[in-house]
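Architecture at a glance
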Amino acid sequence: MFGTLLASLDNPQTVERLIEALGMEGLAKRLENAAAAEAMEPASYFAAIVRSFMETASDDHFVQLIGIMNRSEDPGLAAVRAILNKVLPEDTCCDTRARA
């Protein structure tokens, strides 16, 4: 199932639905800002960072990912959420509030 999810990331509508399903506050804006910095469309950037993680992750990262997936009711969403938390940190978004 996770492989099917990864393969479907080429479809921008799938990425949009996935972003909504992940329920991560501010994800769309973080993704938009990071994609703009790389001169990419957000859906393409999303697919690229998830696939890049899968191609370059260390053994420790894979073990952690498998553990996260095993504890989740929706392993695919849990895996993507964990990947995004790793490669697209919250400070990627340009917060307009003053930082302390």
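Before reading on, note that the structure itself is shown above.
Presented here is an overview of the structure given in this document. Worth saying up front: this structure is predicted, and the values here are computed from it rather than measured.

Let us now look at the nonpolar core. In terms of nonpolar packing, the biggest core is built from 30 residues, with Leu22, Phe46 and Leu84 touching the most fellow members. When residues of this core are traced back to their parent elements, those giving at least two are α1 (2-7), α2 (12-22), α3 (27-37), α4 (42-56), α5 (59-70) and α6 (75-87). Considering each element in turn, this core owes the most residues, seven residues, to α4. With sequence-adjacent residues up to four places away left out, Leu22 is seen in contact with Leu27, Phe46, Leu77, Val80, Arg81 and Leu84.

For the structure on display, the rule yields two salt bridges. With a closest N to O distance of 3.6 Å, Glu32 and Lys29 form a salt bridge. A residue pair is termed a helical-turn pair when its members lie 3 or 4 positions apart in one helix, as Glu32 and Lys29 do in helix α3 at three residues. With a relative accessible area of 40%, Lys29 lands in the partly exposed category.

About the cut-offs
Residues numbered from 1 in each chain as written. Predicted model: local features only at pLDDT ≥ 70, side-chain atom pairs only at ≥ 80, totals over all residues. Heavy atoms only, no water. Core = buried A, V, L, I, M, F, W, Y, C linked by side-chain atoms within 4.5 Å. Buried < 20%, exposed > 50% of the residue type's maximum accessible area, 1.4 Å probe, protein only. Helix = DSSP H or I, 4+ residues; strand = E, 2+ residues; numbered from the N terminus. Contact = heavy atoms within 4.5 Å. Salt bridge = Lys/Arg side-chain N within 4 Å of Asp/Glu carboxyl O.

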